[in-house]
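These are the residues of each chain, in order.
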Amino acid sequence: EDSTAPVARDQVMGMPGQGGRSFDIIRQIIGNVVNIFNKRPTVCTAPCDGHVLKMHYQWSFWIFLGGYSAIWYSWFHRDVITCASHFNAETQVRLDYINICLSYPFLEVGNERRYLLFYRWIHWVLLLLAGVYYIPRKLSKNAENPKVKKLFEDLAVGVHRYDNYEREMVDRAARYMAFNMKTHNGLFYKYLFCNVVALAIDIFTFHFLDWVLQYRFLRLGFQAYPFNRDPKTFTDYLSQTFPPFADCELNIESQLVNKRIEKLGCHLTVMELYEKIFLYIWVFLIIQTFVTCLYIVYLLFFWNSWARLHILRVSKPVNAKQSNSSIRHTVISVIENCKIGDIYLLYRLRQHFSHARFYELLTKLSDPEFLRLFLDNVSVDHKGGNNPDLRLRNKPQIKSPGKFIENVYGKPNKGILVE
């Protein structure tokens, strides 16, 4: 009894140690996933970035990468195909036969065969699309304005503060806007271009996956609804798109069966995973494409003066004037001196300020006296008509080179050497 006790004790003590290490790894993975969703949303500091673009280069990127990882794991850690010979179903099918059936399984549709060529390579398609969806991020980084980015970063530091630092940030933003007004059109056009590229990638992904899945992806969600499955004959749309059972034929062209034809019946075990992943991708792409289209239409409204008024309009703070038209008059005064790029930049500045502080910023930009503090000899007129450029200076008249030369060399030289 004494001799067997240490052995039993070691066995009992060894198993909890292994289980504890496994539990620690699982707990760490779960903690990382939970932290992604519990992470406080940060204010976007990139001038050519936004939530719609993040849907593409973050959400879509991780969805496609997660789909690739799930399929890759299934391919390397489980049997992805099981085949039986029609001549002798009790004998293990040769591995070289299995390799052919992985690439060329087919369904008989009437008198024709539909080869499931995507079965073996579909996860590499998802990895490729994950890289394609990161293109908007590269474009937005190359289109950034360094000064505007630094301004957003400084404002993001105090976005949750409500002391004098917030007033200092209002003054800093007002000074930047006063000095650089009417110079941000290129920033807006680059941001609009990035969103158009993101929409083009969505449309490309739909048609590319439709081509890969043999023109059955575009209608996947509509045709599969209400998702009534046919587990007996597998005639429903999902089972036809991702058939769990297929045939495989080795004939004379295969040169492995000694000039005979052998037909195999195969179970494609990963098809059950394919149908769930691609149905989820289809739903997500529909929502993402719809949101991207709406946002591009919203950006196009920046050219409309009525839309600009409502884009910049804020809730009436306590420090506003008692007149109901005070906010409207302030916004109109700012719009008269701004181009579409400046309106876009003010729209992005709203996320860094409260309504009261943003109204204070608009009040400063609508005040001619405030603008004269930073721009020397600027003429500001808010009454309409021919408004001069705020960056216009009254430059002194410079004499022409001809008169200058005449004054210098036209007079006789009365120097001491001539005398």
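- As annotated in an unreviewed UniProt entry, the protein chain carries the name Innexin and is attributed to Hirondellea gigas.
- Among the UniProt annotations of the protein chain, the heading Function (unreviewed entry) holds the following wording: "Structural component of the gap junctions."

## Here we look at the pairing of strand β2 (residues 106–109)
Where a strand is regular, its side chains alternate between the two sheet faces.
Alright, step 1. Relative to strand β3 (residues 112–115), β2 runs antiparallel, the two being bridged by 4 bridges. Counterpart to Leu-107 in the pairing with β3 is Arg-114.
Alright, step 2. Counting the residues between successive antiparallel strands, the hairpin from β2 to β3 contains 2 residues, one of them, Gly-110, with a positive phi of roughly 70 degrees.

## Looking at the nonpolar core
Alright, step 1. Grouped together as the largest cluster of nonpolar side chains are 55 residues, with contacts concentrated most on Phe-217, Tyr-274 and Phe-278.
Alright, step 2. Considering every element that reaches this core, the biggest residue donor is helix α11 (residues 271–300), with 9 residues.
Alright, step 3. Among residues more than four places away in sequence, those in contact with Phe-217 are Phe-206, Leu-209, Asp-210, Phe-278, Ile-281, Trp-282 and Leu-285.
Alright, step 4. One finds Tyr-295, Val-334, Phe-353 and Phe-358 within the second-largest nonpolar core, a separate group that totals 52 residues.

## Quick notes on the pattern of salt bridges
Alright, step 1. For the coordinates displayed, the defined rule picks out 14 salt bridges.
Alright, step 2. Here Glu-275 ties to Lys-276 by a salt bridge, and the two come within 3.5 Å at their closest N and O atoms.
Alright, step 3. Residue class for Glu-275 comes out buried when judged on its relative accessible area of 8%.

## Concerning the UniProt feature "transmembrane region" (unreviewed entry) in the protein chain
Alright, step 1. UniProt's entry tags residues 59–76, 117–135, 187–209 and 277–303 with the feature "transmembrane region" (unreviewed entry), counted in the numbering of this structure.
Alright, step 2. Structurally, residues 59–76 is divided into 100% helix and 0% strand, and its ends, taken at the C-alpha atoms, are 26 Å apart.
Alright, step 3. With 63% helix and 0% strand, residues 117–135 has end C-alpha atoms that lie 28 Å from one another.

## Some details on the packing of aromatic side chains
Alright, step 1. Applying the stated criterion across every chain, the model contains 30 aromatic pairs.
Alright, step 2. The interplanar angle of 90 degrees and the centroid separation of 5.0 Å between the aromatic rings of Phe-222 and Trp-282 together place this pair among those described as edge-to-face. Of this pair, Phe-222 sits in helix α9 (residues 220–224) while Trp-282 sits in helix α11; the two residues are 60 residues apart in sequence, bridging distant segments of the chain.
Alright, step 3. Assessed through its relative accessible area of 60%, Phe-222 is described here as exposed.
Alright, step 4. Between the aromatic rings of Tyr-344 and Tyr-347, the centroid separation amounts to 6.3 Å while the plane-to-plane angle is 40 degrees, which identifies the pairing as tilted. Of this pair, Tyr-344 and Tyr-347 both sit in helix α14 (residues 340–349), 3 residues apart, which is roughly one turn of that helix.
Alright, step 5. Judged by relative accessible area, Tyr-344 falls into the buried class, the value being 0%.
Alright, step 6. One aromatic cluster in this structure is built from Phe-188, Tyr-189, Tyr-191, Tyr-295, Tyr-298, Phe-302, Trp-303, Tyr-344 and Tyr-347.
Alright, step 7. Directly above the ring of Phe-106 sits Arg-113, whose terminal nitrogen or CZ lies 4.2 Å from the centroid.
Alright, step 8. When the ring centre of Tyr-237 is taken as reference, the NZ or CZ atom of Arg-216 above it lies at 4.4 Å.

## A few points about α14
Alright, step 1. Across the 10 residues that make up α14, a large majority, 9, are buried.
Alright, step 2. Every buried residue belonging to α14 is among Ile-340, Gly-341, Asp-342, Ile-343, Tyr-344, Leu-345, Leu-346, Arg-348 and Leu-349, and all of these are buried.

## Comments concerning the environment of Leu-213
Alright, step 1. Mapped onto the fold, Leu-213 is located in the loop between α8 (185–212) and α9.
Alright, step 2. Measuring from C-alpha to C-alpha, the distance between Leu-213 and Phe-118 comes to 6.7 Å, with 95 residues separating the pair along the chain.
Alright, step 3. Look past the residues within four positions of Leu-213 in its chain and what remains in contact with it is Phe-118, Ile-122, Phe-242 and Phe-278.

## Things to note about the state of the cysteines
Alright, step 1. If you walk through the whole model with that rule in mind, you get 2 disulfides.
Alright, step 2. Residue pairing for Cys-83: its cysteine sulfur links by disulfide to Cys-266, the two sulfurs lying 2.2 Å apart. Taking the torsion about the S-S bond as the criterion, the Cys-83 to Cys-266 disulfide, at about 105 degrees, is right-handed. Note that Cys-83 is positioned in strand β1 (residues 81–85) and Cys-266 in strand β5 (residues 262–268), a separation of 183 residues in sequence. Across the pair, Cys-266 and Cys-83 agree in class, each one buried.
Alright, step 3. Here Cys-101 is linked by a disulfide to Cys-248, with a sulfur-sulfur distance of 2.1 Å. Between Cys-101 and Cys-248 the sulfur-sulfur dihedral comes to about -85 degrees; the bridge is accordingly left-handed. In this pair, Cys-101 sits in helix α3 (residues 95–103) while Cys-248 sits in strand β4 (residues 245–250), placing the two residues 147 residues apart along the sequence.
Alright, step 4. When its relative accessible area of 0% is taken as the criterion, Cys-101 is described as buried.

## What to know about the side chain of Ser-85
Alright, step 1. Note that Ser-85 resides in strand β1.
Alright, step 2. Residue class for Ser-85 comes out buried when judged on its relative accessible area of 6%.
Alright, step 3. Reaching out from Ser-85, the side chain makes a polar contact with the side chain of Glu-262 at a distance of 2.7 Å.
Alright, step 4. Look past the residues within four positions of Ser-85 in its chain and what remains in contact with it is Val-93, Glu-262, Lys-263 and Leu-264.

## Considering helix α12 (residues 305–312)
Alright, step 1. If you check which residues of α12 are buried, you get Ala-307, Arg-308, Leu-309, Ile-311 and Leu-312.
Alright, step 2. Tucked into the core, α12 has its buried residues touching α11, α13 (326–336), α14 and α15 (355–365).
Alright, step 3. The opening residue of α12, the one whose side-chain oxygen lies 2.9 Å from the backbone nitrogen of Trp-306, is Asn-304.

Calculation rules
Residues numbered from 1 in each chain as written. Predicted model: local features only at pLDDT ≥ 70, side-chain atom pairs only at ≥ 80, totals over all residues. Heavy atoms only, no water. UniProt positions renumbered as here; feature names shortened; annotations may be inferred. Pairing = 2+ DSSP bridges. Helix = DSSP H or I, 4+ residues; strand = E, 2+ residues; numbered from the N terminus. Core = buried A, V, L, I, M, F, W, Y, C linked by side-chain atoms within 4.5 Å. Buried < 20%, exposed > 50% of the residue type's maximum accessible area, 1.4 Å probe, protein only. Contact = heavy atoms within 4.5 Å. Salt bridge = Lys/Arg side-chain N within 4 Å of Asp/Glu carboxyl O. Phe/Tyr/Trp six-rings, centres within 6.5 Å; stacked < 30°, edge-to-face > 60°. Lys NZ or Arg CZ within 6 Å of the ring centre and 35° of its normal. Disulfide = S-S within 2.5 Å. Polar contact = N/O pair within 3.5 Å; in protein donor to acceptor, adjacent residues only side chain to side chain.

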